[in-house]
Amino acid sequence: MILTTILVVVGFCFGGVVADSDRCCHYPISTTTINSANVTSMNFKCVEPISLKCQNVNSGVVKKIGIAGFKDRSDTSKYTILSVSEEELVEKTMICSPSTMWHLEEKPEDEYLSFSCAYMLQDGTWFFQ
Ligand SMILES: *[C@@H]1O[C@H](CO)[C@@H](O)[C@H](O)[C@H]1NC(C)=O
């Protein structure tokens, strides 16, 4: 009886979580990214596409810019650099797929939980902001 109750409660909660995440995505841009996104985390509602602009404002220090994709929000040591550019500006659109992961519009097969602007220093190391 107690076991049945526990199973029902657990099943109910799990079902609720799945149903919820089916509908909405988490805001995908790291809060330390100072560059502009056209939808802020405050204005983000559910699944709408977001455009992120990353700009190289100090080309003496920063050699290349890009957008980094993360599969684990709390571990930024695991990243993939997407859209590397030696131009001054990178602008990409992020789309939330039905699985609630995000991808860049032009790379639907590569899914991530979050993104941030990425800057490559002259020595080849990347930092994210
Ligand atoms: C943000 O940019 C994307 C891609 O261009 C666009 O689809 C979306 O409608 C824009 N959102 C707003 C609120 O302007």
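Rules used throughout
- Each chain carries its own residue numbering, running from 1 in the written order of its sequence.
- Two thresholds apply to this predicted model, a pLDDT of at least 70 for residue-level local features and 80 or more for giving and counting side-chain atom pairs, whereas whole-chain, interface and lining totals are computed over all residues.
- Pairing between two strands requires that DSSP report at least two bridges joining them.
- Segments assigned H or I by DSSP are reported as helices when at least four residues long, segments assigned E as strands when at least two residues long, and all are numbered from the N terminus.
- Each nonpolar core consists of buried Ala, Val, Leu, Ile, Met, Phe, Trp, Tyr and Cys residues. Their C-beta atoms, within 7 Å, join them into a set.
- Here a residue counts as buried when 20 or more other C-beta atoms sit within 10 Å of its C-beta, as exposed when there are 12 or fewer, and as partly exposed otherwise, the C-beta atoms being derived from the backbone.
- Only the stretch in contact is used when a helix axis is fitted, and all axes are lines through C-alpha atoms; the angle between N-to-C directions ranges over 0 to 180 degrees.

## Some details on the pairing of strand S2 (residues 62-70)
Across eight bridges, S2 lies against strand S6 (residues 114-121) in antiparallel orientation. Looking across to S6, one finds that Ile65 is bridged to Tyr119. Direction of pairing for S2 relative to strand S3 (residues 79-85): antiparallel, over a ladder of five bridges. Bridge assignment links Gly69 to a residue of S3, and that residue is Thr80.

## Concerning the nonpolar core
Membership of the largest hydrophobic core comes to 19 residues, with the highest contact counts inside it found for Leu52, Cys54, Ile65, Ile67, Phe115, Cys117 and Ala118. Those elements giving two or more residues to this core turn out to be strand S1 (50-55), S2, strand S4 (89-96) and S6.

## Topic: the sheet that holds S3
Within the open sheet, the four strands sit side by side as S3-S2-S6-S7. Their pairing is antiparallel. For this open sheet the edge positions go to S3 and strand S7 (126-128), each flanked by a neighbour on one side alone. Across this sheet, the average inter-strand angle for adjacent strands is 35°, counted without regard to direction.

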